[in-house]
Amino acid sequence: MPMYEFKCECGEVTEELVRMGTETIKCPKCGRKAHKILSNCTFSLKGGGWYADGYAAKKKS
Ligand SMILES: [Zn+2]
């Protein structure tokens, strides 16, 4: 299984091993949905295939 990073609205970033296609997990800190961050290596440079919130999430600190 691939490892992905998920970022919650609360700012918590969590690494999880999840199945392909998993878009959200439950944030361990606040229990809300954390959304998958698309890393640069899996980013499609052709564009069009990724979500706006994935794009916004890549500017993590
Ligand atoms: Zn949270």
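In this text, all values refer to a predicted model and were calculated from it rather than measured experimentally. (Residues numbered from 1 in each chain as written. Predicted model: local features only at pLDDT ≥ 70, side-chain atom pairs only at ≥ 80, totals over all residues. Heavy atoms only, no water.)

Here the focus is the coordination of the zinc ion. Taken together, the protein ligands of the zinc ion are Cys 8 (SG), Cys 10 (SG), Cys 27 (SG) and Cys 30 (SG), with distances of 2.3 to 2.4 Å. Read N to C, the donor residues that coordinate the zinc ion are spaced as C-x1-C-x16-C-x2-C. Highlighted residues: Cys 10 in the loop between β1 (3–8) and β2 (13–17) and Cys 30 in the loop between β3 (24–26) and β4 (33–37), separated in sequence by 20 residues. Looking at Cys 10, the relative accessible area reads 31%, which means it is partly exposed. (Donors = N, O, S within 2.8 Å, 3.2 Å for Na, K, Ca; no water. Helix = DSSP H or I, 4+ residues; strand = E, 2+ residues; numbered from the N terminus. Buried < 20%, exposed > 50% of the residue type's maximum accessible area, 1.4 Å probe, protein only.)

This paragraph deals with the nonpolar core. If you look at the biggest cluster of nonpolar residues, it comprises 7 residues: Tyr 4, Phe 6, Cys 8, Val 18, Ile 25, Cys 27 and Ala 34. Per-element tally for this core: the top contributor is β1, with 3 residues. Beyond its immediate stretch of four places on either side in the chain, Cys 8 contacts Cys 27, Cys 30, Arg 32, Lys 33 and Ala 34. (Core = buried A, V, L, I, M, F, W, Y, C linked by side-chain atoms within 4.5 Å. Contact = heavy atoms within 4.5 Å.)

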